[in-house]
Structure formats: structure tokens, C-alpha cells
Amino acid sequence: MAGGRWGSSWRRERGRAAWPDGPRRRRARRARWRRWAAAGLAALAVLVTVAALRPTPAGGAGVPTVVMARDVAAGQTIRSDDVALSARPDGQRPVTALSTVEEVVGRSAGAPLSAREVVTPERLVGGDLLAGQPDDRVALSVPVLDAASVGVRPGDHVDLYATGSGTRAATDVVVLTVRAPEESTGLGSGAPARVTLALDPAQAAEVARGLSALEAGQSLVVAVRRGSGPAQ
């Protein structure tokens, strides 16, 4: 009988030893769970951040496309840290979009370039733009009325006229690049079409005089010459 009472007492003591201070243990368990959950969330945040910063692999979806990493002013030489590569589906990149930064670095912006803008040859000046032209030629970008209506393309020989006076500002000059007009953003009119021409110093001076007349309401138009074709 004594043994039975001793055994029963031992079991009760053992039960109390197994579950001492129940509320404190529960609070301790909840605290541990909170610490583990916080550590897990912190680790997940690190993984998400690393994934967001990781550049798109060259072999990923889309076509490698050169985009501006920051704003660049017209005439500024483009450096390697001004541009980046981004994978873009064909439907989200111009046909003439450049695919390697080597095609851009060292050339000058023919117009202001904005961050995230896709870079095309029409927006650049320099590099091999004047390759094959006489040594005295300069590249000059001018705004014109819709060049697409007469099918102006790089390599064409054109004349350039001022609409108000009818003055011919340049004769038989080579078109280096053509840029289509930009649509209005709702905050103002879009940028006009532009052509970049290879001009000798006298022609460049005449075109510059024509550009100054634009303030009086004139515009410049291009006329494609008969038999025009790629520059020889």
C-alpha cells in the first residue's frame, strides 16, 4: 500500500515537473515563434532584393536592347555608364534599336536623350556617321516637315528648302539619318521629324541661316533628287 501511495505521488510529481509554469512556457514558445518568423521574413526580403537587382541574363526572354541609364544632353558624348542593356520583346523595341553598348559609347547625342529611352542610330551623331564622306563634311541635324511622305531614307541625295521664302538652303546633300516625328504627350506638341545631313562648311552656314528663320514661322522641307541613292 505504501508502495502504491509512493508510486502515485511520484507520478503526480513527475507530471508537475513535465509542465511547470504553463503560462510562462506558452509565452516563451510564442516568443520563439515570433523570432523564427521575423528571421524567415528577413531572409525572404534579402532574396527578393537580390533577385530584383540581378541583371537580366543575355540569353533571357527578349532581344538585347541598348537603353539610356540616365538623361544625356544633346551634344554630350555618351559614356559606358550612361547606357545599359535590357531584354525587350520585338514588339517593344524600334526596328533600328541598337543591341550592343559598343555601338553607342563614344558617340554624341544628336538630341536630348531620356533615361530608359531605347537608343537608335537616328538619335546619335559621330562615330562612323561620316564614314566615306569628304574630310570637310560636317553632320548637321535639322527639323523638317514630314520626311516620310517623300520616302527620305539614309543615303538619299536631297535639296533643302525654306517654306516661307522658297530659298534653297542646301543642294545635293547626303542624308545620314532620318528620325520620325514624335507624337504629342498632351503637354505640348511633339518633336518634328529630323534629318541629319552631310554638309560642307558653306552649306552648313546656309542651313544655319535657314534655321534662324524658323522663328518667323518658316519651316524646312526636303526634296529627294532624281536618281537618288546611297552615297558613293
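Starting afresh in each chain, residues are numbered from 1 along the sequence in its written order. Owing to the predicted nature of the model, reporting of local features is limited to residues with pLDDT of at least 70; listing and counting of side-chain atom pairs is limited to 80 or more, with chain, interface and lining totals taken over all residues. Note that the side-chain values use all heavy atoms of the structure and ignore hydrogens as well as water.

Student: Sorry if this is basic, but what is going on with the overall build of the protein here?
Tutor: Strands are runs of DSSP state E lasting at least two residues, helices are runs of H or I lasting at least four, and both sets are numbered from the N terminus onward. Within the protein, the secondary structure is distributed over three helices and nine strands. For each residue, the accessible area found with a 1.4 Å probe, counting protein chains only, is set against the maximum for its type, and the residue is called buried under 20%, exposed over 50%, and partly exposed in between. In the protein, which comprises 232 residues, the proportion classed as buried is 28%. Computed with the Shrake-Rupley method and a 1.4 Å probe, the accessible areas treat only the protein chains shown as cover for residues. Surface summary for the protein: the accessible area is close to 14,600 Å², and the carbon and sulfur share equals 57%.

Student: It is not clear to me how a positive patch on the surface should be interpreted in this structure. Could you clarify?
Tutor: Here the term patch refers to residues with relative accessible area over 30% and no salt bridge, with like charges joined within 9 Å and nonpolar side chains (Val, Leu, Ile, Met, Phe, Trp, Tyr) within 5 Å. Salt bridge, as used here: a side-chain nitrogen of Lys or Arg that lies within 4 Å of a carboxyl oxygen of Asp or Glu. Neither His nor the chain termini are counted; the positive set is Lys and Arg, and the negative set is Asp and Glu. The location of each charge is read from NZ of Lys, CZ of Arg, CG of Asp or CD of Glu. Judged by side-chain charge, Arg25, Arg26, Arg27, Arg29, Arg30, Arg32, Arg34 and Arg35 come together as a positively charged surface patch. Relative to the helices and strands, Arg30 resides in helix H2 (residues 22-53). Arg30 sits in the partly exposed class, given a relative accessible area of 44%.

Student: Help me understand unusual backbone geometry in this model?
Tutor: A negative phi holds for most residues other than glycine; trans holds for most peptide bonds. Here Arg116, not a glycine, exhibits a phi torsion of approximately 75°, which is positive. As for its placement among the helices and strands, Arg116 is situated in the loop between strand E3 (108-109) and strand E4 (124-125). The class for Arg116 is exposed, based on a relative accessible area of 68%.

Student: Would you take a moment to explain the environment of Ser114 for this structure?
Tutor: Tracing the backbone shows Ser114 in the loop between E3 and E4. Remark: the alpha-carbon pair of Ser114 and Arg70, spanning 44 residues in sequence, is separated by 6.4 Å. Contact definition: two residues touch when any of their heavy atoms are within 4.5 Å. With sequence-adjacent residues up to four places away left out, Ser114 is seen in contact with Met68, Arg70 and Asp71.

Student: I tried to follow helix H3 (residues 201-212) on my own but got confused; where do I start?
Tutor: Residue pairs spaced three or four apart in an α-helix point in one direction, given the helix's 3.6 residues per turn. Helix span, expected: 1.5 Å multiplied by one less than the number of residues in the helix. For H3, spanning 12 residues, the distance from its first C-alpha to its last is 17 Å, which sits close to the expected 16 Å at 1.5 Å a residue. For H3, the full list of buried residues reads Gln203, Ala204, Val207 and Gly210. The buried residues of H3 all sit within an arc of 115° when viewed along its axis, so they share a single face. The exposed residues of H3 that point more than 90 degrees off its buried face are Pro201 and Ala202. A 3.5 Å cut-off defines polar contacts: any pair of N or O atoms within that distance qualifies, except that in protein one atom must be a possible hydrogen donor and the other a possible acceptor, and neighbouring residues in sequence count only when both atoms are side-chain atoms. Its side-chain oxygen at 3.1 Å from the backbone nitrogen of Ala202, Asp200 defines the N-terminal cap of H3. Directions from the helix axis toward the C-beta atoms define the arc.

Student: Looking at this structure, how should I read the sheet that holds strand E8 (residues 193-199)?
Tutor: To summarise the sheet geometry, strands pair through backbone hydrogen bonds and adopt either a parallel or an antiparallel arrangement. Should DSSP find at least two bridges between two strands, the strands are regarded as paired. The five strands are arranged E5-E8-E7-E6-E9 in an open sheet whose pairing can be described as antiparallel. At either margin of the open sheet sits one strand with a lone partner, and together these are strand E5 (138-144) and strand E9 (220-224). Neighbour-to-neighbour, the strand axes of the sheet open up by a mean angle of 45°, direction not taken into account. Across seven bridges, E5 lies against E8 in antiparallel orientation. Convention adopted: a line fitted to C-alpha atoms gives each axis, helices being fitted over their contacting stretch, and angles between N-to-C directions are expressed from 0 to 180 degrees.

Student: Looking at this structure, how should I read the environment of Pro64?
Tutor: If you trace the backbone, Pro64 turns up in strand E1 (residues 63-68). A C-alpha to C-alpha distance of 4.6 Å links Pro64 and Ala87, two positions 23 residues apart in sequence.

Student: Just to check I follow, could you spell out the pairing of E8 for this structure?
Tutor: Both faces of the sheet carry side chains from a regular strand, because those side chains alternate between them. In terms of burial, E8 is a largely internal element, six of the seven residues being buried. Bridging between strand E7 (residues 168-179) and E8 involves five bridges; their strand directions are antiparallel. By the bridge assignment for E8, Val174 is matched with Ala198.

Student: How should the pattern of salt bridges be read in this particular structure?
Tutor: Oppositely charged side chains are able to pair whenever their charged atoms sit close together. Enumeration according to the criterion identifies eight salt bridges in this entry. Put simply, Asp82 and Arg70 hold a salt bridge, and the shortest N to O gap is 3.0 Å. A residue pair is termed long-range when its members are at least 10 positions apart, and Asp82 in the loop between E1 and strand E2 (83-88) and Arg70 in the loop between E1 and E2 qualify at 12 residues. Here Arg70 falls in the partly exposed class, since its relative accessible area comes to 36%. As a salt-bridge pair, Arg79 and Asp81 come within 3.6 Å of each other at their nearest N and O atoms.

Student: Quick question: what am I supposed to make of the nonpolar core here?
Tutor: Among the nonpolar cores identified, the biggest contains 19 residues, and Val142, Val144, Leu160, Val195, Leu197, Leu199 and Val207 are the most heavily contacted of them. Residue assignment for this core shows that the elements contributing at least two residues are E5, strand E6 (157-162), E7, E8, H3 and E9. The biggest single contributor to this core is E7, with five residues. Here Leu199 is in contact with Asp136, Arg137, Val138, Leu140, Ala170, Val173, Ala204 and Val207, once residues within four sequence places are set aside. Think of a nonpolar core as a cluster: buried Ala, Val, Leu, Ile, Met, Phe, Trp, Tyr and Cys residues, connected wherever their side-chain atoms sit within 4.5 Å. Counting 11 residues, the second-largest nonpolar core is a separate cluster that includes Val66, Val72, Val83 and Val104.

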